[in-house]
Amino acid sequence: MAAEVRMHPEWKSLLSKEFESNYFLELRRFVKEEYAKARVYPPAGKIFRALDTTPPSSIKVLILGQDPYHGPGQANGLCFSVNDGIPQPPSLLNIFKELKRDLDIDQPVSGDLGPWAESGVLLLNATLTVRERQAGSHQNRGWEQFTDAIISVVSEQCNSVVFMLWGAYARKKAALIDSEKHLVLQAPHPSPLSAHRGFIGCAHFSSANAYLQNSGRSPVEWDVLS
């Protein structure tokens, strides 16, 4: 892993202190060893896909996940997103179900959320790598400190961003966000275990666009997925 690999220059500049820190150097060593000795997701070139695709200057919405998917061919560097042609996981299906309920947007054929990322939605996982079929295997190795720094940068450097925090883990990150500058939306996780306790019906997509428009920003085109 290298900080130089496929990351937008804006992020390279804003996160330069993180890259030079001891924790990140140790994280880099750990991740490099993991890719050398085990099957790890996403592919190494897509670890920072979210940061490569969505620079700070374009962020309208930040959606926070926890871990990459750990099944073969699923993780592609964006939270809740899977590669084109891969069956959509249950959490993603519930996201699309709420999108349909909220904005009457039909379920996309592809589960690749890349077009959202290109439209200003930062799709960030708290942990950016994982071993195959070992959920949480790369937690507490430094990724969380790095992604907390990203959330803090967005809160400090950007204006009028909508933070969508789904589930107990994500909701804890609200402490990093200036709620006077931004809109913080919280709901249960879209997992089948919790989606019907308030994720379905949360109306986060329409709420985000209303806030953006009221803040003088253009709304997210949630219907750009194929």
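Anyway, here's the lowdown on the structure attached to this text. Since this is a predicted model, take the numbers as computed values, not measurements.

**Focus on the overall build of the protein**
No. 1: Of regular secondary structure, the protein possesses nine helices and six strands.
No. 2: Relative to a compact globule of 226 residues, whose C-alpha radius of gyration would be 17 Å, the protein shows 17 Å and is just as compact.
No. 3: Along the first, second and third principal axes, the C-alpha atoms of the protein reach 45 × 35 × 30 Å.
No. 4: The proportion of buried residues among the 226 residues of the protein is 53%.
No. 5: As displayed, the protein has an accessible area near 10,100 Å², and 47% of this comes from carbon and sulfur atoms.

**Let's talk about the packing of aromatic side chains**
No. 1: Evaluated as defined, the whole model comprises 14 aromatic pairs.
No. 2: Taken together, a centroid distance of 5.2 Å and an interplanar angle of 65 degrees make the contact between F19 and F24 edge-to-face. Here F19 and F24 have matching classes, each one buried.
No. 3: Linked through ring pairs, F80, F96, W116, W166, F199, F205 and W222 together constitute an aromatic cluster.

**Considerations on the packing of helix α3 (residues 22-37) against helix α7 (residues 143-157)**
No. 1: Between α3 and α7, the least distance of the axes is 9 Å, while the angle of their chain directions is 125 degrees. With respect to α7, the element α3 is oriented oblique. Considering how the two elements wind past one another, α3 and α7 form a crossing that is left-handed. On α7, the residues touching Y23, F24, L27 and V31 of α3 are W143, Q145 and F146.
No. 2: Of the residues assigned to the contact of α3 with α7, the class counts are six nonpolar, one polar and no charged.

**Focus on the pattern of salt bridges**
No. 1: Within the structure shown, the criterion is met by 11 salt bridges.
No. 2: Taking the shortest distance from any N to any O, the salt bridge between R39 and E132 comes out at 4.0 Å. Highlighted residues: R39 in the loop between α3 and β1 (40-41) and E132 in the loop between β4 (130-131) and α7, separated in sequence by 93 residues.
No. 3: Judged by relative accessible area, R39 falls into the exposed class, the value being 55%.
No. 4: Look at E132 and you get partly exposed, because its relative accessible area is 21%.
No. 5: Residues joined in a network through salt bridges with shared partners are E26, R29 and E33.

**Here's the deal with the packing of helix α5 (residues 90-103) against helix α9 (residues 204-214)**
No. 1: Taken N-terminus to C-terminus, the directions of α5 and α9 make an angle of 60 degrees; their axes are 8 Å apart at the nearest point. Judged on the interaxial angle alone, α9 and α5 are oblique. Between α5 and α9, the contacting residues are I95, E98, L99, D102 and L103 on the first element and H204, F205 and S206 on the second.
No. 2: Broken down by class, the residue content of the contact of α5 with α9 amounts to four nonpolar, two polar and two charged.

**Topic: unusual backbone geometry**
No. 1: The omega angle of the peptide bond from Y41 to P42 is -5 degrees, so this bond is cis rather than trans.
No. 2: With respect to the helices and strands, the residue P42 is situated in the loop between β1 and α4 (49-53).
No. 3: The phi torsion at D104 lies on the positive side, around 55 degrees, for a residue other than glycine.
No. 4: Counting through the fold element by element, D104 comes out in the loop between α5 and α6 (114-118).
No. 5: A relative accessible area of 55% means that D104 is categorised as exposed.
No. 6: Positive phi, close to 60 degrees, is recorded for A203, a residue that is not glycine.
No. 7: Secondary-structure assignment places A203 in the loop between β6 (183-187) and α9.

Reading the values: the criteria
- Residues numbered from 1 in each chain as written.
- Predicted model: local features only at pLDDT ≥ 70, side-chain atom pairs only at ≥ 80, totals over all residues.
- Heavy atoms only, no water.
- Helix = DSSP H or I, 4+ residues; strand = E, 2+ residues; numbered from the N terminus.
- Rg over C-alpha atoms; globule rule 2.2 N^0.38 Å.
- Buried < 20%, exposed > 50% of the residue type's maximum accessible area, 1.4 Å probe, protein only.
- Areas by Shrake-Rupley, 256 points an atom, 1.4 Å probe, with all protein chains shown as cover.
- Phe/Tyr/Trp six-rings, centres within 6.5 Å; stacked < 30°, edge-to-face > 60°.
- Axes fitted to C-alpha atoms, helices over the stretch in contact; angles between N-to-C directions.
- Parallel < 35°, antiparallel > 145°, perpendicular 65-115°, else oblique.
- Left-handed = near helix turned anticlockwise from the far one by under 90°.
- Contact = heavy atoms within 4.5 Å.
- Nonpolar A, V, L, I, M, F, W, Y, C, P; charged D, E, K, R; others polar.
- Salt bridge = Lys/Arg side-chain N within 4 Å of Asp/Glu carboxyl O.

Interpretation in functional terms is not warranted from these geometric data alone.
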